[in-house]
Amino acid sequence: SSGMSILRSLYVLEEQTDSKFLRETIVAVRKDVEAGLSLSDAMARHPKVFNPLFVAMTQAGEMGGVLEDGLMRVADQLQKDASLRRQIKSAMVYPTLVIIFAVGVMMALVAFLVPVFVGVFKKFGGELPALTKVSVLLSEMVTGYWWLMFGSTALILVAFVKWKKSSWGRCQWDHFRLHVPMKIGTVVQQVAVARWSRTLASLTAAGVPLLQALEITGRTGGNVAIEEAMDGVIASVKRGGTIAAPLAQAPIFPTMVTHMVGVGEETGALDAMLDRVAEFYEEQVEASVKALTSILEPIMIIVIGGI
């Protein structure tokens, strides 16, 4: 925006960036630009740093002669995404810490305190209550087979991560997340819709062709349900149809979203309508996360009391 050339800007970024990996990436991009590649093509060679949304917005800015506007839109999009992630993560810190603490205390009691009482119980003789037998059994498992417990837990976690990363596992996991009770599924849906709206609004406002914008939005939506819906939308647009009609068939999109998109298509203000949808659902996510946190606190107290 200040009129500095792209190469000079990249040199300045090299000097100012603390991250070694990012600095090396910027150096590679700068060398590609010096060799004659466009900035967007140079960025596309580093998908771990510059996602398809970033590259498409930069390319649209180059083609329209408004590169700084395109990059500012990317910056706004990344900041809003980061803010959304922070809200979710901060809401999960409290219950995660409480569960870890509760499990740690229980393991310590079972491993160190119960064996002391076992010796006392043997002196008393007689039949122990069922709950006490369970506690003693847990104690024997923790003290005698701790390696098996930790190994099994690690194996289950590794298997879960691999399953979640596989194509069929990711599909099942994404659909499962949308149906988790206690409003967790609702928050997942709102996050996906907010991200979809914001991304598509940014791409269309930047001048990215609609079919390309829909394809990129599907890939960066963060949920398989969004990708599946975008396949239907792309097919509809190719036939000369609307975006709103196939969206109405996708369960992940609430009725309000399809109506707003339909109005945006009719009035030619699709990007403005999508921005409003994104703002609405970002506010909804914030409110839902606060409500979820307030529900989780008494539940965590009950769980710890039970343990």
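Given the structure is predicted, the values throughout are model-derived calculations rather than measurements. Each chain carries its own residue numbering, running from 1 in the direction its sequence is written. Local features are withheld for residues below a pLDDT of 70 in this predicted model, meaning they are given only at 70 or higher, and side-chain atom pairs are given and counted only at 80 or more; totals for whole chains, interfaces and linings count all residues. To obtain the side-chain values, all non-hydrogen atoms of the structure were used and water was disregarded.

A few words now on the packing of aromatic side chains. Any aromatic ring pair is given by two values, namely how distant the centres are and how the planes are angled relative to each other. Here the aromatic set is Phe, Tyr and Trp, taking the six-membered ring for Trp, and pairing holds for ring centres within 6.5 Å; pairs whose planes are under 30 degrees apart are stacked, those over 60 apart are edge-to-face, and all others are tilted. Applying the stated criterion to the full structure yields 8 aromatic pairs. Each ring, one from Phe 160 and one from Trp 163, has its centre 5.8 Å from the other, and the planes form 40 degrees; the classification is tilted. Linking Phe 160 with Trp 163, this pair stays in helix H7 (residues 146-165), spanning 3 residues, or about one helical turn. Note on exposure labels: buried denotes an accessible area under 20% of the residue type's maximum, exposed denotes more than 50%, and partly exposed covers the range between, all computed with a 1.4 Å probe on protein chains only. Judged by its relative accessible area of 23%, Trp 163 falls in the partly exposed class. Taken together, Phe 160, Trp 163, Trp 173 and Phe 176 form an aromatic cluster joined through their ring pairs. Only DSSP runs of H or I with at least four residues qualify as helices, and only runs of E with at least two residues qualify as strands; both kinds are numbered from the N terminus onward.

Tracing the chain through its elements places Glu 215 in helix H10 (residues 210-219). Judged by relative accessible area, which is 43%, Glu 215 ranks as partly exposed. Through-space distance from the C-alpha of Glu 215 to that of Pro 52 is 9.7 Å; in sequence the pair is 163 residues apart.

A rise of 1.5 Å per residue sets the reference length of helix H6 (residues 130-144), with its 15 residues, at 21 Å; its end C-alpha atoms lie 21 Å apart and thus fit the reference within 8%. In what follows, residue pairs with any heavy atoms lying within 4.5 Å of each other are defined as contacts. Against helix H5 (67-124) and H7 lie the buried residues of H6. Here, expected helix span is obtained from the residue count minus one, scaled by 1.5 Å.

Attention now goes to the nonpolar core. The biggest cluster of nonpolar side chains holds 55 residues, and the ones touching the most others in it are Trp 196, Met 230, Phe 253 and Val 261. Apart from residues lying up to four places away in sequence, Val 261 is in contact with Trp 196, Ile 243, Ala 244, Leu 247, Leu 270 and Leu 274. Grouping buried Ala, Val, Leu, Ile, Met, Phe, Trp, Tyr and Cys residues that are joined through side-chain atoms within 4.5 Å yields what is termed a nonpolar core.

For the rest of this paragraph, the subject is a nonpolar patch on the surface. Side chains of Val 134, Leu 137, Leu 138, Met 141, Tyr 145, Trp 146, Trp 147, Leu 148 and Phe 150 sit close together on the surface and give an oily, nonpolar patch of about 960 Å² of accessible area. Elements represented by at least two residues in the nonpolar patch include exactly H6 and H7. Structurally, Trp 146 can be placed in helix H7. Patch membership requires more than 30% relative accessible area and the absence of a salt bridge. Residues of like charge join within 9 Å; the nonpolar side chains Val, Leu, Ile, Met, Phe, Trp and Tyr join within 5 Å. The method behind every accessible area is Shrake-Rupley, applied with a 1.4 Å probe, and residues are considered shielded solely by the protein chains displayed. What makes a salt bridge here is a side-chain nitrogen of Lys or Arg within 4 Å of a carboxyl oxygen of Asp or Glu, nothing more.

Axis lines are fitted through C-alpha atoms, for helices just across the contact stretch, and the angle between N-to-C directions can take any value from 0 to 180 degrees. Between helix H9 (residues 184-205) and H10, the shortest axis-to-axis distance is 9 Å and the interhelical angle comes to 150 degrees. Taken together, the axis directions place H9 and H10 in an arrangement best described as roughly antiparallel. Crossing handedness for the pair H9 and H10: right-handed. Across the interface between the two elements, Trp 196, Thr 199, Leu 200, Leu 203 and Thr 204 from H9 touch Leu 210, Ala 213, Leu 214, Ile 216 and Thr 217 from H10. Grouping the constituent residues of the contact of H9 with H10 by class yields 7 nonpolar, 3 polar and no charged. Any angle that is under 35 degrees is reported as roughly parallel, and any over 145 degrees as roughly antiparallel; angles of 65 to 115 degrees are reported as roughly perpendicular and all others as oblique. For any helix crossing, the convention is left-handed if the near helix is rotated counterclockwise from the far helix by under a right angle, and right-handed if that rotation is clockwise. Lys, Arg, Asp and Glu make up the charged group, whereas Ala, Val, Leu, Ile, Met, Phe, Trp, Tyr, Cys and Pro make up the nonpolar group; the residues left over, Gly among them, are polar.

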